[in-house]
Amino acid sequence: MSSSGKKCLVSSYIGIDAELAIDVGFQPSAVQILNMTTASSAVKTQHMAGETYLLVTTAAAVSGGSAGTGILLSSTGFTVGTNDDINDADDEFHFIAWE
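Since the model is a prediction, treat every value here as computed from it, not as a measurement.

**Regarding the overall build of the protein chain**
Counting its regular elements, the protein chain contains one helix and nine strands. Secondary structure elements of the protein chain occur, N-terminal to C-terminal, as β-β-β-β-β-β-β-β-α-β. Looking at the protein chain as a whole, 35% of its 99 residues qualify as buried. Restricting the contact set of the protein chain to residue pairs at least 6 apart, pairs at least 24 apart contribute 59%. For the protein chain, the accessible area works out to roughly 5,100 Å², and carbon and sulfur atoms hold 54% of it.

**Observations concerning unusual backbone geometry**
You will see that Asp17, though not glycine, has its phi angle at about 60°, which is positive. On the basis of relative accessibility, which here comes to 36%, the residue Asp17 falls in the partly exposed class. Positive phi, close to 70°, is recorded for Asp90, a residue that is not glycine. Take Asp90: it is sitting in the loop between helix H1 (84-87) and strand E9 (92-98). The class for Asp90 is exposed, based on a relative accessible area of 68%.

**Quick word on the packing of aromatic side chains**
The tally for this structure, following the rule as stated, stands at three aromatic pairs. Three or more aromatic residues joined by ring pairs make a cluster, and in this case those are Tyr13, Phe78, Phe93 and Phe95.

**Here's the deal with the sheet that holds strand E8 (residues 77-80)**
Within the open sheet, the three strands sit side by side as E2-E8-E7. Their pairing is antiparallel. At either margin of the open sheet sits one strand with a lone partner, and together these are strand E2 (20-23) and strand E7 (71-73). In this sheet, neighbouring strand axes are inclined to one another by 20° on average, regardless of whether the strands run parallel or antiparallel. Sheet analysis places E7 next to E8, joined by three bridges and oriented antiparallel. Counted as the bridge partner of Leu72 is Thr79 from E8.

**Focus on the environment of Ser11**
Here Ser11 is to be found in strand E1 (residues 8-14). Along the sequence, Ser11 and His94 sit 83 residues apart, while their C-alpha atoms lie 5.7 Å from each other. Each residue touching Ser11, except ones within four places of it in the same chain, is listed here: Phe93, His94 and Phe95.

**Some remarks on the nonpolar core**
Counting 16 residues, the largest nonpolar core has Tyr13, Ile33, Phe78, Ile86 and Phe95 as its most contacted members. Elements that contribute at least two residues to this core include exactly E2, strand E3 (30-35), E8 and E9. Per element, the largest residue contribution to this core is three residues, and it comes from E9. Among all residues touching Phe95, those that are not within four sequence positions of it are Leu9, Val10, Ser11, Ser12, Tyr13, Ile22, Val24, Gln32, Ile33 and Phe78.

Thresholds applied
- Residues numbered from 1 in each chain as written.
- Predicted model: local features only at pLDDT ≥ 70, side-chain atom pairs only at ≥ 80, totals over all residues.
- Heavy atoms only, no water.
- Helix = DSSP H or I, 4+ residues; strand = E, 2+ residues; numbered from the N terminus.
- Buried < 20%, exposed > 50% of the residue type's maximum accessible area, 1.4 Å probe, protein only.
- Contact = heavy atoms within 4.5 Å.
- Areas by Shrake-Rupley, 256 points an atom, 1.4 Å probe, with all protein chains shown as cover.
- Phe/Tyr/Trp six-rings, centres within 6.5 Å; stacked < 30°, edge-to-face > 60°.
- Pairing = 2+ DSSP bridges.
- Axes fitted to C-alpha atoms, helices over the stretch in contact; angles between N-to-C directions.
- Core = buried A, V, L, I, M, F, W, Y, C linked by side-chain atoms within 4.5 Å.

Structural data, given as structure tokens:
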């Protein structure tokens, strides 16, 4: 925890190719997801609309497209959709969530 009382959590998940809600215990202002299998990285901030995220390896904004394919922040964490960058089946993902 920082001196401002804000929280940060580092954890991991295994992709399932279906929407996956991640409970971090607080409403994140930003999330970074690292795909350990493909070495890609995605960033989502509270200022990005809908399920849009930044795919860091290409430095291009990626729209979630249809509902359930991007990253959606919630009051208790975030949900990753079915896009392979962030939730490919059996890939190992690590994430950092900031309050």
